[in-house]
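Listed here are the chains, written in short residue letters.
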Amino acid sequence: MDLRELVSALNDFAPLSLAESWDNVGLLVEPSPPHTVNTLFLTNDLTEEVMEEAVQKKANLILSYHPPVFAPLKRVTWKSWKERLVVRALEHRIGIYSPHTAYDAIPHGVNNWLTKGLGPCTSVPLHPSTAPSYPAEGTHRVEFCTDTEHLEVVLSKIKDIQEISCLTTFPARVEGEEQTRVTLNCSQKALLEVVALLSQNSLLYHKTEILLLQKPLLPHTGMGRLCTLNEPVSLSSIIERIKSHLKLPHIRLAMGMGKTLESPVKKAALCAGSGSSVLKGTEADLYLTGEMSHHDVLDAVANGISVILCEHSNTERGFLSELRDVLATHLQNRINIIVSEKDRDPLQVA
């Protein structure tokens, strides 16, 4: 499968527009074209050990959930380990692609997989994603009425303004007088010029309405999940379910104020990876994530919310096996997809 065709298919699977603005997603390292991909190699973190595994398994493209290139590189030498990853990738003609928070947001992504550790439940995004574009051209709609005397002059000046679309006029009767209603869509930048123009005529300005065109929310898409269990279960039962799902012998637990291991859990808020900013302020019986700041844990506990921490990548890595199967179907089994055996969380219980 050609690399560019594969990247296009991966972008269809999880649109990169869903990723957070601070993230670095997409194709990060591209061998010179043409580049054929026979083996796609999945990993959560691309370390040097994992890179050598990819080389040995003759991977043509590495899909690394976490972007190995995040901060800009000023040089590509053998000095730092992230630079060496790029060197090794190019030496062996291996591309590197990272979806990261795009996979967090999609309905069939990492957070959806994490909800399965709670047992039967329904879930909604904590921070819903919006569509990448507005329902119409422009970000604002402007409507105003004018008499025939001023119509041609106003329209002539408006048409000189850039980034205006959907300009329409139709007859209107205002306070018993025959007038023309003008509607237009415009960008934020053009709005300033339109308002400045209309404000030159107080009668026009007072008859002006400005509407903000909201981007529609995407169903079941966004950061984090608020899960409502079909039946309340004890905190101790939830702990065992999560450990089983993530295949972990241990988790870290902060008990909410006034709670015990037998306290019922009906609502759980979760976020794969580092969940402090996503979970903060959410009302729930339990927070489930990989890591949180010390003070955010204290805040949750003080509000009677128990916290389960599993280490950052432990809340993400298990998704790769599910991803392998789903991607195989999405790509119509045209390439070989394998999951790294060397990829693991850097933190261990000693």
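Each value, and the rule that gives it
- Residues numbered from 1 in each chain as written.
- Predicted model: local features only at pLDDT ≥ 70, side-chain atom pairs only at ≥ 80, totals over all residues.
- Heavy atoms only, no water.
- Disulfide = S-S within 2.5 Å.
- Buried < 20%, exposed > 50% of the residue type's maximum accessible area, 1.4 Å probe, protein only.
- Helix = DSSP H or I, 4+ residues; strand = E, 2+ residues; numbered from the N terminus.
- Domains from an automatic or database assignment.
- Contact = heavy atoms within 4.5 Å.
- Buried area = accessible area lost by both parts, 1.4 Å probe.
- Pairing = 2+ DSSP bridges.
- Axes fitted to C-alpha atoms, helices over the stretch in contact; angles between N-to-C directions.
- Left-handed = near helix turned anticlockwise from the far one by under 90°.
- Nonpolar A, V, L, I, M, F, W, Y, C, P; charged D, E, K, R; others polar.

Digging into the state of the cysteines
Inspection of the entire model under this criterion finds 0 disulfides. Summary of cysteine pairing: cysteine 310 is not part of a disulfide, and the nearest cysteine sulfur, belonging to cysteine 271, is at 12 Å. Under the relative-accessibility criterion, cysteine 310 is labelled buried at 2%.

Thoughts on unusual backbone geometry
Put simply, proline 33 and proline 34 share a cis peptide bond, and its omega is 0°. Its identity is not glycine, yet glutamate 311 carries a phi of approximately 75°, on the positive side. Turning to its location among the elements, glutamate 311 is positioned in the loop between β14 (306-309) and α12 (319-330). Positive phi, normally seen in glycine, also occurs at glutamine 332, with a value near 60°.

Looking at the domain arrangement of the protein
Considered domain by domain, the protein is made up of domain 1 (3-99 + 317-339), domain 2 (106-129 + 220-309) and domain 3 (140-212). Using C-alpha coordinates to define each centre, domain 1 is positioned 29 Å away from domain 2. Opposite the 9 residues of domain 1 that make contact, domain 2 presents 9 residues. In total, domain 1 and domain 2 occlude about 860 Å² of area from one another, counting both sides; carbon and sulfur atoms represent 70% of this. Ranking the residues of domain 1 by area buried against domain 2 places Leu18, Phe319 and Glu322 at the top, with a combined share of 56%.

Re the sheet that holds strand β15 (residues 336-339)
Strand order in the open sheet made by the 5 strands is β1-β4-β3-β2-β15, with mixed pairing throughout. Every other strand in the sheet has two partners, leaving β1 (26-29) and β15 as the edge strands with one partner each. Neighbour to neighbour, the strand axes of the sheet diverge by 25° on average, direction disregarded. As paired elements, β1 and strand β4 (residues 95-98) share 3 bridges and run antiparallel to each other. Each residue of the ladder has a partner; that of glycine 26, found in β4, is serine 98. Across the sheet, helix α2 (residues 48-56) lies against β2 (39-43), β3 (61-64) and β4, angled at about 160° from β2, the strand it touches most.

Digging into the packing of helix α1 (residues 3-13) against α12
Axis separation between α1 and α12 bottoms out at 11 Å; the angle between their running directions is 115°. Here α1 and α12 pass one another in a crossing that is right-handed. Packed against α1, whose contacting residues are Ala9, Leu10, Asp12 and Phe13, the element α12 presents Leu323, Val326, Leu327 and His330 at the interface. Here the contact of α1 with α12 is composed, by residue class, of 6 nonpolar, 1 polar and 1 charged.

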